[in-house]
Amino acid sequence: MERSEAELIAAVLKGDSASFEPLVAKYSPRVFATARRYARRESEIEDIVQEVWLKAFDKLGSFRGEAPFEHWLMRMTVRTCYDFLRGHQRNRESSFSEISEPEEDWLDRFVSDPGTAVEDAEAAKTLINRVLERLSPEARLVIQLLEIEDKSVKEIADLTGWSVPLVKVRAFRARGEMRKILARMAKDKYL
Amino acid sequence: MNIADLQQQLIAVARKQDPDERVPYAFEKRIMALIAERKAVAGRILWARGLWRAAVTCVALAVVCGAVSFFTPSAADNSNDLSQDLENTLLASVDQPDTTP
């Protein structure tokens with residue numbers, strides 16, 4: 001008979017570590033999907049997910065069961081990803097002169113006819129990832145959660161541990177930072 | 001180039017990206033092995049810490065005992081009195097002074 005999440009967690013807390021495995025198997029896809037939004041290399045992604053699970057095991061005692069386990073775990077995942085971004089800030093120094101030909105084509109098409117440019121999604125994906133990588137950790141996290149994943153300010157505050165006003169301020173700054181990067185990219189290419 | 005439009009277009013593209021939920025083969029086994037390994041190491045560390053504490057306590061106790069025996073003035077020849085007392089006690093019943101007339 002399959003045990004419920006609460007039973008598994010209670011068993012782990014009583015010292016039965018093996019009961020943790022079904023939780024890892026169940027939620028790893030979600031944790032991997034989140035980690036892949038912030039890291040590119042597969043080895044880095046695996047490191048992040050591994051860290052999330054080890055933290056989850058160590059801090060399982062602090063899970064009070066008031067909210068679903070998944071929410072608690074995702075909070076931990078987002079915070080670990082943020083720590084990862086802060087630890088890898090030097091990677092932001094890449095130059096826009098490295099833009100590939102398809103990305104340049106996409107930009108050219110966007111300039112000539114903004115409506116049709118979206119069709120070549122692959123080039124745009126690479127381009128947006130390049131832009132996101134140049135953002136500061138705070139800005140990247142906010143843009144990812146607020147603009148791309150469409151989460152509310154309150155949800156972001158809950159996930160990150162920041163206050164609601166701080167999320168709003170960081171969102172405002174993040175949009176500005178992103179516009180600045182895009183403007184610089186446009187300047188590099190067209191001026 | 002309209003930067004705000006470009007920003008919106010790129011964000012729209014990013015929204016359309018499906019989350020990649022692939023998990024490496026037997027990843028959960030790897031996590032469980034790491035947890036088991038950490039538990040074993042933690043147990044060894046706990047033992048080592050306990051033994052070190054016990055050793056320090058033993059050394060401290062030995063030093064205190066040494067100091068006490070060193071600084072306490074020795075009661076000279078107490079051993080004789082003690083043996084004498086013991087002998088007196090043991091032979092008390094035999095050594096009763098003869099009170100019969």
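Residues numbered from 1 in each chain as written. Chains lettered and ligands numbered in written order. Predicted model: local features only at pLDDT ≥ 70, side-chain atom pairs only at ≥ 80, totals over all residues.

A few words now on the interface of chain A and chain B. On the chain B side, the residues contacting the 35 residues of chain A number 29 residues. Those elements that place two or more of their residues in the side of chain A that touches chain B are α2 (21-36), α3 (42-58), α5 (101-112), α6 (121-134), α7 (137-148) and α9 (164-190) of chain A. Examining the composition of the side of chain A that touches chain B, we find that 9 residues originate from one element, α2(A), more than from any other. Residues of the side of chain A that touches chain B, tallied by class, amount to 25 nonpolar, 3 polar and 7 charged. (Contact = placed C-beta atoms within 7 Å. Helix = DSSP H or I, 4+ residues; strand = E, 2+ residues; numbered from the N terminus. Nonpolar A, V, L, I, M, F, W, Y, C, P; charged D, E, K, R; others polar.)

On to helix α4 (residues 69-87) of chain A, then. Residue and element names in this part refer to chain A. Given a rise of 1.5 Å per residue, 19 residues ought to cover 27 Å, and the 27 Å separating the end C-alpha atoms of α4 matches this to within 8%. For α4, the set of buried residues is L73, T77, V78, T80, C81 and L85. Looking straight down α4, one finds that the buried residues subtend no more than 165° of arc, so they occupy a single side. Turned more than 90 degrees from where α4 packs its buried face, R86 and G87 sit exposed. Tucked into the core, α4 has its buried residues touching α2, α3, α7 and α8 (153-160). (Expected span 1.5 Å × (residues − 1). Buried ≥ 20, exposed ≤ 12 C-beta atoms within 10 Å, placed from the backbone. Arc of directions from axis to C-beta.)

What follows covers the confidence of the model for chain B. Looking at chain B as a whole, its pLDDT mean stands at 84, while 87% of the residues score no less than 70. Scored as a complex, the prediction yields pTM 0.74 and ipTM 0.79. (pLDDT = per-residue confidence, 0-100.)

Turning our eyes to something else, we now look at unusual backbone geometry. One non-glycine residue with positive phi stands out, namely D150(A), at about 60°. Among the structural elements, D150(A) can be located in the loop between α7 and α8. With 9 C-beta atoms packed within 10 Å, D150(A) lands in the exposed category. The backbone of A26(B) shows a phi angle near 55°, a positive value even though the residue is not glycine. Considering the arrangement of structural elements, one finds A26(B) in the loop between α1 (3-16) and α2 (27-71). Among the residues examined, A26(B) registers 11 C-beta atoms within 10 Å and is labelled exposed.

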